[in-house]
Amino acid sequence: MSDLPGIVITGASGRMGQMLIRTVVESKGAKLVGAVERTGHDWIGQDLGVAMGGTALGVAVTDDPLDAFAKAQAVIDFTTPDATVEFAALAAQARAVHVIGTTGLEETHLEKIRLAARHAIVVRAGNMSLGVNLLVQLTKKVAAALDEDFDIEVIEAHHHHKVDAPSGTALMLGEAAAEGRGVHLADVSDSGRDGITGARKRGDIGFSAIRGGDIVGEHDVMFAGQGERIVLRHMATDRGIFARGALKAALWGQGHKPGEYDMMDVLGLS
Ligand SMILES: NC(=O)C1=CN([C@@H]2O[C@H](COP(=O)(O)OP(=O)(O)OC[C@H]3O[C@@H](n4cnc5c(N)ncnc54)[C@H](O)[C@@H]3O)[C@@H](O)[C@H]2O)C=CC1
Ligand SMILES: O=C(O)C1=N[C@H](C(=O)O)C[C@H](O)C1
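With an unreviewed UniProt entry as reference, the protein chain is termed 4-hydroxy-tetrahydrodipicolinate reductase, source organism Pseudohalocynthiibacter aestuariivivens. The Subcellular location (unreviewed entry) comment attached to the protein chain in UniProt states, word for word, "Cytoplasm". Listed under Function (unreviewed entry) in UniProt, the entry text for the protein chain is "Catalyzes the conversion of 4-hydroxy-tetrahydrodipicolinate (HTPA) to tetrahydrodipicolinate."

This part takes up unusual backbone geometry. The phi torsion of most residues other than glycine is negative, and most of the peptide bonds are trans. The step from Ala 165 to Pro 166 runs through a cis peptide bond, and the omega angle for that step is -10°. The residue Arg 95 is not glycine, and still its phi comes out positive at about 60°. Mapped onto the secondary structure, Arg 95 falls in the loop between α4 (81-93) and β5 (97-100). The class of Arg 95 is exposed, set by a relative accessible area of 66%.

The next point concerns the site of ligand 2. Surrounding ligand 2, one finds Thr 103, Gly 126, Asn 127, His 158, His 159, Lys 162, Ser 167, Gly 168, Thr 169, Val 216, His 219 and Phe 242. Between an oxygen atom of ligand 2 and a side-chain N or O atom of Thr 169, the distance comes to 2.5 Å. Residues belonging to the shell around ligand 2 are distributed by class as follows: 2 nonpolar, 9 polar and 1 charged.

Reading the values: the criteria
Residues numbered from 1 in each chain as written. Chains lettered and ligands numbered in written order. Predicted model: local features only at pLDDT ≥ 70, side-chain atom pairs only at ≥ 80, totals over all residues. Heavy atoms only, no water. UniProt positions renumbered as here; feature names shortened; annotations may be inferred. Helix = DSSP H or I, 4+ residues; strand = E, 2+ residues; numbered from the N terminus. Buried < 20%, exposed > 50% of the residue type's maximum accessible area, 1.4 Å probe, protein only. Near = heavy atom within 4 Å. Polar contact = N/O pair within 3.5 Å; in protein donor to acceptor, adjacent residues only side chain to side chain. Nonpolar A, V, L, I, M, F, W, Y, C, P; charged D, E, K, R; others polar.

Here's what the structure looks like:
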């Protein structure tokens, strides 16, 4: 057995789960030691490689997360908010780094993750790609340089399966714009325009969401002024960028102190 860090992937059959499995299996810096799916899923009990339509990987898919986490140094989790909260407590119990990519988390979920992070290393980000994390920094800078004569709009587009809006990335970008302006996003966020909304309020940060087809993830931050517009854009065309970022976070987390970190810490951008 190699002494590379052992990784468990939760939500193994999902769009991100399968991409993460391929990324870990191909990596020279980590080994796959477990795969978790929800109780009742067809893949439970099957060899993961076979379930994915390939050759056996020697890892059986399980619905017992604690048993899987106990064998791992890190858990990479792109599932649902309720599952992620459950996994946060179990990863802390197993002393495994918990990398959270799940979006759509509400304050009640975030509070439970914060509790787990008192005893565990948690790395959480609504987007694990290098490009988006750079875009967050750029957004903060441009927002700080411009005043409220420039209206800020965050426009995102995703595949038709996505269940949450605004996307986790759009919220990161909105937070960065608000921080650049020195305001709280909660005080200026406008995400539900429909009907007679009235004119745009000066200083608001607006969000629009497109859902369609197989769009992996696209984000624009628009600064719209009089006679000119600045648009910062990121386009994801391959989920591998998120999976590689998540694996980097799992390895970075080894040996760090308990606490909640993000990709800015991992990428050295903070
Ligand atoms: N932070 C980032 O860079 C990115 C985040 N995401 C987020 O990751 C999440 C998952 O996205 P997708 O893979 O597209 O969704 P998906 O629906 O394809 O996959 C989710 C998987 O989680 C499984 N699952 C649900 N409850 C479970 C439980 N209790 N135990 C074990 N498995 C469970 C489902 O069966 C499914 O296989 C979403 O919140 C999405 O927004 C997606 C891409 C990048
Ligand atoms: O659900 C997705 O697919 C994605 N979710 C993340 C988000 O909510 O921003 C990241 C990426 O855009 C893909």
